[in-house]
Amino acid sequence: MYGNDFAASGGELLDQVADAERELRAAADRSVRGGSDEETYFTELVAADQKIEPRDWMPDGYRKTLIRQIAQHAHSEIIGMQPEANWLTRAPTLKRKAILLAKVQDEAGHGLYLYAAAETLGVSRDTLYDLLLAGRQKYSSIFNYPTLSWADVGAIGWLVDGAAIVNQVPLCRCSYGPYARAMIRICKEESFHQRQGYEILYTLAHGTPGQKEMAQDAVDRWWYPSLAMFGPPDTDSTHSAQSMAWKIKRFSNDDLRQRFVDMCAQQATVLGLTIPDPDLRWNPDRGAYDYTAPDYAELMEVIRGNGPCNRARMANRRAAHEDGAWVREAAAAYAAKHAAPAAPTAEAVHA
Ligand code: 3HC
């Protein structure tokens, strides 16, 4: 005799197993939910710094906020490939080209992790693409600025990826599990991106006078747009208060901006480059650097679609989407073919 053979047989055994499983599920449900209703359960989970998972009930506004933010984040990663891809064919050495290629591919990967996280909220990637292409969802303002020299690749790594890390490390503790988990991997890769940019700038800043000038010019152009990436000031931020209460965002836009300034002020000294802000200075009373805020009117114009490269970025994205239609169709046909039940073989038919 083996296992359950002695206890019961046939239908009786199956009924027992089903009853036991039902009981187990009910017990687990009781212990997790503590008998409270769904909304209380959600609030308690968030308060206890636990993760909300796709199977859990969540307020409609929480779901909508996550879809909005994760989709905007995913679109930013995908559109964000364009400014740097502009330098793939003109990287100064084969090694620099290989590194930049890997970095740009990483950004595509980040977009995919994020679209997958958004899909757990019940919205398909196709829908999100359509909303982006229809101009109904946004992507980060920063990717609407041009990359005029090789040093811009360094400035993007140091400043743009640096800002992304400051903004995104707290998102690893976001209350929504799939987003938080995607962010852990993304942040590891962003750290590498930031270092490669820093190293490009360091090399240029310690090169010929012309190279140093090129590095400084790139920092001059990318500094304020990078500060603006953190969003409008707290007084004008429409979503921050609710997103922080739900622990989607952990810090306000201005808090993160300040952290970024404090980090860069010191790194610039090591680079030997100047941050283009005559009012940047350490304030011992605040224990932080005072700095000049970015031009928020310019940020709003860029968000409205009137930045230097908005039209070109969207035109490229639309063209890539249309050019890639045959790949999506082929992948769907392949998946359908493999999902269909296999036709019986000749041997099986004659057996
Ligand atoms: N660019 C475009 N839109 C922006 C923006 C920016 N830099 N900053 C704010 N906005 C928009 C918001 O989306 C919102 O508009 P909406 O209501 O139509 O969605 C409006 O301005 C008001 O701003 P809020 O402060 O109220 O918005 P949030 O609370 O969502 O905060 C955010 C904005 C800080 C960008 C937040 O959404 C966030 O942390 N997002 C996740 C990170 C992200 O998307 N980063 C984008 C860059 S990705 C990147 O850098 C890739 C890397 O490889 C370089």
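Conventions and cut-offs
- Residues numbered from 1 in each chain as written.
- Predicted model: local features only at pLDDT ≥ 70, side-chain atom pairs only at ≥ 80, totals over all residues.
- Heavy atoms only, no water.
- Helix = DSSP H or I, 4+ residues; strand = E, 2+ residues; numbered from the N terminus.
- Contact = heavy atoms within 4.5 Å.
- Areas by Shrake-Rupley, 256 points an atom, 1.4 Å probe, with all protein chains shown as cover.
- Near = heavy atom within 4 Å.
- Polar contact = N/O pair within 3.5 Å; in protein donor to acceptor, adjacent residues only side chain to side chain.
- Nonpolar A, V, L, I, M, F, W, Y, C, P; charged D, E, K, R; others polar.
- Salt bridge = Lys/Arg side-chain N within 4 Å of Asp/Glu carboxyl O.
- Buried < 20%, exposed > 50% of the residue type's maximum accessible area, 1.4 Å probe, protein only.
- Phe/Tyr/Trp six-rings, centres within 6.5 Å; stacked < 30°, edge-to-face > 60°.
- Axes fitted to C-alpha atoms, helices over the stretch in contact; angles between N-to-C directions.
- Parallel < 35°, antiparallel > 145°, perpendicular 65-115°, else oblique.
- Left-handed = near helix turned anticlockwise from the far one by under 90°.
- Lys, Arg positive; Asp, Glu negative; His and termini not counted.
- Arc of directions from axis to C-beta.

Engineer: Can you walk me through the overall build of the chain in this structure?
Structural biologist: Across its full length, the chain holds 15 helices and two strands. Put simply, of all contacts in the chain between residues at least 6 apart along the chain, 76% involve residues at least 24 apart. Counting every atom, the chain has about 18800 Å² of accessible surface; 57% of that belongs to carbon and sulfur.

Engineer: Please explain the site of the ligand as it appears in this structure.
Structural biologist: The environment of the ligand is formed by 32 residues, the closest being Glu107, Lys138, Ser237, His239 and Lys249. For the ligand, an oxygen atom lies 2.9 Å from a polar atom in the side chain of Glu190. One of the backbone N or O atoms of Thr238 is found 2.9 Å from an oxygen atom in the ligand. In the complex, 91% of the free accessible area of the ligand, which totals 1000 Å², lies under the protein chains. Of all the secondary-structure elements, those providing two or more residues to the shell around the ligand are α3 (60-79), α7 (150-168) and α8 (177-205). Here the shell around the ligand gets six residues from one element, more than from any other, and that element is α3. Each residue belonging to the shell around the ligand can be placed in one class, and the counts come to eleven nonpolar, 14 polar and seven charged.

Engineer: Looking at this structure, I do not really get the pattern of salt bridges. What am I missing?
Structural biologist: Two side chains with opposite charge may pair up if their charged atoms get near one another. Tallying each qualifying case throughout the model produces 14 salt bridges. Between Asp49 and Arg250 there is a salt bridge, with the nearest N and O atoms lying 3.1 Å from each other. Residue Asp49 is found in the loop between α2 (38-47) and α3, and its partner Arg250 is found in the loop between α10 (240-245) and α11 (253-271); the two are separated by 201 residues along the sequence. A salt bridge links Glu53 to Arg181; the shortest N-O distance between them is 2.8 Å. Of this pair, Glu53 sits in the loop between α2 and α3 while Arg181 is found in helix α8, placing the two residues 128 residues apart along the sequence. Residue Glu53 is classed as buried on the basis of its relative accessible area of 14%. Connected through shared salt-bridge partners, Glu84, Lys103, Glu107 and Asp161 make up one network.

Engineer: Explain unusual backbone geometry here, please?
Structural biologist: In most cases, non-glycine residues show a negative phi, while peptide bonds are predominantly trans. Residue Asp49 is not a glycine yet carries a positive backbone phi of 60°. Of note, the phi angle at Lys247 is positive, near 60°, even though the residue is not glycine. Looking at where Lys247 falls in the secondary structure, it is placed in the loop between α10 and α11.

Engineer: What am I meant to see in the packing of aromatic side chains here?
Structural biologist: Given two aromatic rings, one states the distance between the centres and the angle between the planes to describe the pair. In the structure shown here, the tally under the stated rule is nine aromatic pairs. Summarising the aromatic geometry, the rings of Phe42 and Tyr62 are spaced 4.9 Å apart at their centres and angled 80° between planes, so their arrangement reads as edge-to-face. Residue Phe42 is found in helix α2, and its partner Tyr62 is found in helix α3; the two are separated by 20 residues along the sequence. Per residue, the accessibility class of Phe42 equals that of Tyr62, and both read buried. Centroid distance Phe230 to Phe260: 5.4 Å. Interplanar angle 45°. Geometry classified as tilted.

Engineer: Would you mind going over the packing of α7 against α11 with me for this structure?
Structural biologist: Relative to each other, α7 and α11 sit at 140°, their axes nearing to 10 Å. Comparing the axis directions of α7 and α11 gives the class oblique. α7 and α11 meet at a crossing whose hand is right-handed. Here α7 contributes Trp158, Leu159, Gly162, Ala163, Val166 and Asn167 to the contact with α11, which in turn contributes Leu256, Arg259, Phe260, Met263, Cys264, Gln267, Ala268 and Leu271.

Engineer: Is there a simple way to explain the side chain of Asp106 in this structure?
Structural biologist: Among the secondary structure elements, Asp106 is positioned in helix α5 (residues 94-119). Of the buried charged residues, Asp106 lacks a salt bridge, with Arg185 as the closest side chain of opposite charge at 8.0 Å. A polar contact of 2.8 Å, which involves the side chain of Asp106, links it to the side chain of His193. Apart from the residues within four sequence positions on either side, Asp106 is in contact with Glu189, Phe192 and His193.

Engineer: Sorry if this is basic, but what is going on with the side chain of Ser237 here?
Structural biologist: Take Ser237: it is sitting in the loop between α9 (209-228) and α10. Judged by its relative accessible area of 16%, Ser237 is buried. Here the side chain of Ser237 touches Ser240 through a polar contact of 2.6 Å, side chain to side chain. Aside from chain neighbours lying at most four places away, what touches Ser237 is Pro232, Lys249 and Asn253.

Engineer: Just checking my understanding: could you explain α2 for this structure?
Structural biologist: Turn by turn, an α-helix covers 3.6 residues, leaving residues three or four places apart pointing in a common direction. Within α2, the full set of buried residues consists of Tyr41, Phe42, Leu45 and Val46. Projected onto a plane normal to the axis of α2, the buried residues spread over an arc of 130° and lie on a single side. Positioned one or two residues after α2, Asp49 has a phi angle of 60°, which is positive.

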